[in-house]
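# Summary of structural features
Residue strings, one per chain:
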Amino acid sequence: MESNKKQTDSGIEIKNVYTPVDLPEHAQEIPNPGTFPYTRGVQNDMYRGKLWTMRQYAGFSTAQESNQRYHYLLSQGVMGLSVAFDLPTQIGYDADHALADGEVGKVGVSICSIEDMDILFDAIPLDKISTSMTINATSFILLALYVAVAKKRGIDLKQLSGTIQNDILKEYAARGTYIYPPRHSMRIITDIFEWCSTNLPKWNSISISGYHIREAGSTAVQEIAFTLSNGKAYVEAALAKGLDINVFGKRLSFFFNAHNNLFEEVAKFRAARTIWAKMMKDLGATDEKAMMLRFHTQTGGATLTAQQPLNNISRVTIQTIAAVLGGTQSLHTNGFDEALGLPTEQAATIALRTQQIVAFESGIPETADPLAGSYFIENLTAEVASKALELIQQIDEMGGSVAAIESGWMQNRISDSAYKYQKDIESKDKIIVGVNEYETEESTKIPIFKIDASIQQAQTEKIKSLKANRDNALAQSCLAAIAEAANTGNNIMPPVIAAVEAKCTLGEISDTLRNIFGEYQA
């Protein structure tokens, strides 16, 4: 890159100075916040009316240990829970499965049955706390478990609020925790949409995720282009099933990343809202709320460095400010030690305090869309939107996201961007403080949170006990009912809920569908 030429991380050239001539056409007519196409925010008063939901993503080891962390976080001012599941849970294996060996409880909590789910949310009022679950291939099972626990406690399901990520397309494109082939997975997702629209009116039945696309190495422009294309694919699948876009459209939410390039990130969030509103209108939405892009943000895990880890507090602060200036509805801030391991309690607390300081000390939330009208921000918002729309059009010409993923096109674009970013770091065209510049001899000793390996044995014993003490004839008939629904095209949610109530395990339910749908091979 020329020494005097500056670009955003997406390669958008930045001018030395911006003036009124750089404002996009019709910039004077950009509608107020809360008005279509929601460039400036989805509520007219934004955070003056209600702050974003402050979440802390947590889950590790056993349900009991994670439950203790949730109670601690709630006591510190967290407004909603965000659950991380271990890899076996994410890909449909119980803790006693050979492929779960060494992974139980490592990157999230191990959940195998309704007994685990009951413990995970012990003494937590499910009708008062919003719960987000980062789960995709097995999202229908975790939702069923959550519903079963609520029913057991006599809670009105219409009072449950929260989100399941349930975004399988980005798993094929960027992350890899898929089970079934794409078209079978899409069928499960539309079953969830259908069931939730009737039974869980306050529940977000999908969180269409750009976060993991960005973590895999995409640019900011690719993050929103690929995410919104995936969102379009889900909407089209739901419409093909005969669902009402004005009903299920209100329960769609998004999940984006926040990186360090402050102004590009703000422009990205504003552009995403604008594109989605117009896209939903073109797909037939007439209800304003069905056109609003509401999103959760997590600060960038890939931006955290193991070198000089305390610097990550500054990075997370910049990313928090970007998310709030960009109008997020919900936010998780990463712990400074997460490049080394799961966050310690101290790191999680500092991360939460970062949100609280921005909320109550910075003055940023006091007016909606405070950067609106900036020559630079308005120009950059239009540039990001234009480049994202070019990519969306290319995907449409291929036949949509599923086709773009099946051909490998989307994965290759992400891989190319990741490669370029790494080359820029190695050539020092991109400076990462403490990594390729301003390095020091490491002297800071950061305590690392470690998971006790013995929990796998404990979980295995629990599964053995569960199966020995349940009504096994009932469990088998419930699994047979799931197979029947899968084969006949009936909605799978009712038999899955009945199965978890009968103490069928996550692995048993996943395997029942593996036998029918098969497994996806990349």
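An account of the accompanying structure is given in this report. (Residues numbered from 1 in each chain as written. Predicted model: local features only at pLDDT ≥ 70, side-chain atom pairs only at ≥ 80, totals over all residues. Heavy atoms only, no water.)

## A word on the overall build of the chain
In terms of helices and strands, the chain carries 20 helices and eleven strands. For 522 residues, the compact-globule estimate of 2.2 N^0.38 gives 24 Å, and the chain sits close to it at 23 Å. Its C-alpha atoms give the chain principal-axis dimensions of roughly 75 × 60 × 45 Å. Out of the 522 residues belonging to the chain, those deemed buried represent 57%. Residue pairs at least 24 apart in sequence account for 78% of intrachain contacts in the chain once pairs closer than 6 positions are excluded. Charge separation in the chain, taken as the distance between the mean sites of 47 positive and 60 negative side-chain charges, equals 3 Å. (Helix = DSSP H or I, 4+ residues; strand = E, 2+ residues; numbered from the N terminus. Rg over C-alpha atoms; globule rule 2.2 N^0.38 Å. Buried < 20%, exposed > 50% of the residue type's maximum accessible area, 1.4 Å probe, protein only. Contact = heavy atoms within 4.5 Å. Lys, Arg positive; Asp, Glu negative; His and termini not counted. Charge placed at Lys NZ, Arg CZ, Asp CG, Glu CD.)

## Digging into the packing of helix α10 (residues 262-282) against helix α14 (residues 375-398)
Their axes nearest at 8 Å, the elements α10 and α14 cross at an angle of 55°. Judged on the interaxial angle alone, α14 and α10 are oblique. Crossing of α10 against α14: the hand is right-handed. Within the contact between the two elements, α10 uses Phe263, Glu264, Val266, Ala267, Lys268, Arg270, Ala271, Ile275 and Met279 and α14 uses Phe376, Ile377, Glu378, Leu380, Thr381, Val384, Ala385, Ala388, Leu389 and Ile392. (Axes fitted to C-alpha atoms, helices over the stretch in contact; angles between N-to-C directions. Parallel < 35°, antiparallel > 145°, perpendicular 65-115°, else oblique. Left-handed = near helix turned anticlockwise from the far one by under 90°.)

## Brief notes about unusual backbone geometry
Cis peptide bonds are those with omega within 30 degrees of zero, and the linkage from Phe36 to Pro37 qualifies with 5°. Mapped onto the secondary structure, Pro37 falls in the loop between β2 (13-14) and β3 (53-58). Even without being glycine, Asp369 reaches a positive phi, approximately 50°. Along the polypeptide, Asp369 turns up in the loop between α13 (345-361) and α14. With a relative accessible area of 7%, Asp369 lands in the buried category. The phi angle at Tyr438 is positive, at roughly 60°, despite the residue not being glycine. On the secondary structure map, Tyr438 appears in the loop between α16 (409-426) and α17 (455-469).

## Focus on the state of the cysteines
Tallied over the full model, the rule gives zero disulfides. This cysteine, Cys112, is not joined by any disulfide, and Cys504 carries the nearest cysteine sulfur, 13 Å off. In this structure Cys112 comes out as buried when scored by relative accessible area, which is 2%. No disulfide involves Cys504; its nearest neighbouring cysteine sulfur is the one of Cys478, lying 5.3 Å away. Classification of Cys504 by relative accessible area gives buried; the value is 1%. (Disulfide = S-S within 2.5 Å.)

## Quick notes on the packing of aromatic side chains
For the structure shown, the criterion picks out 18 aromatic pairs. Between Phe36 and Tyr38 the ring centres are 6.0 Å apart and the planes differ by 85°, which places this aromatic pair in the edge-to-face class. One aromatic cluster is present, formed by Phe254, Phe256, Phe269, Trp276 and Phe295 through successive ring pairs. Lying across the ring of Tyr18, Lys15 places its NZ or CZ 5.8 Å from the centre. Over the aromatic face of Phe36 sits the side chain of Lys281, whose NZ or CZ is 4.6 Å from the ring centroid. (Phe/Tyr/Trp six-rings, centres within 6.5 Å; stacked < 30°, edge-to-face > 60°. Lys NZ or Arg CZ within 6 Å of the ring centre and 35° of its normal.)

## Digging into helix α18 (residues 472-488)
Think of an α-helix as 3.6 residues a turn; residues three or four steps apart then line up on the same face. Helix length check: α18, at 17 residues, gives a terminal C-alpha distance of 24 Å against a target of 24 Å (1.5 Å per residue), a fit within 8%. Those residues of α18 not exposed but buried are Ala475, Cys478, Leu479, Ile482, Ala483, Ala485 and Ala486. Within α18, the buried residues cover an arc of 160° as seen down the axis, which keeps them to one side. Opposite its buried face, α18 presents the exposed residues Ala473, Glu484 and Asn487, each directed more than 90 degrees away. As for α18, its buried residues are in contact with α6 (182-199), α19 (493-501) and α20 (506-517). The backbone nitrogen of Ala473 has a side-chain oxygen 3.2 Å away, supplied by the residue at the start of α18, namely Asp471. Remark: Gly489 follows α18 within two positions and exhibits a positive phi of approximately 90°. (Expected span 1.5 Å × (residues − 1). Arc of directions from axis to C-beta. Polar contact = N/O pair within 3.5 Å; in protein donor to acceptor, adjacent residues only side chain to side chain.)

## Overview of the nonpolar core
Of all hydrophobic cores here, the largest spans 138 residues; its most connected members are Met117, Met133, Phe140 and Ile509. Element by element, the count of residues in this core is highest for helix α4 (residues 139-152), at eleven residues. Of all hydrophobic cores here, the second largest spans six residues; its members include Ala100, Cys112, Ile455 and Ile463. (Core = buried A, V, L, I, M, F, W, Y, C linked by side-chain atoms within 4.5 Å.)

## Here we look at the packing of α4 against α6
Direction vectors running N to C along α4 and α6 enclose 25°, while the axes themselves pass 10 Å from each other. Of the possible angle classes, the one that applies to α4 and α6 is roughly parallel. Judged by residue contacts, Ser139, Phe140, Leu143 and Val147 of α4 engage Ile188, Ile192, Trp195 and Cys196 from α6. Class assignment of the residues belonging to the contact of α4 with α6 gives a composition of seven nonpolar, one polar and no charged. (Nonpolar A, V, L, I, M, F, W, Y, C, P; charged D, E, K, R; others polar.)

## Some points on a nonpolar patch on the surface
On the surface, a nonpolar cluster with roughly 290 Å² of combined accessible area is contributed by Ile431, Val433 and Tyr438. Here Val433 lies in the loop between α16 and α17. (Patch = residues over 30% accessible without salt bridge, like charges linked within 9 Å, V, L, I, M, F, W, Y side chains within 5 Å. Areas by Shrake-Rupley, 256 points an atom, 1.4 Å probe, with all protein chains shown as cover. Salt bridge = Lys/Arg side-chain N within 4 Å of Asp/Glu carboxyl O.)

So far we have only geometry, and geometry alone does not tell us how the molecule works.
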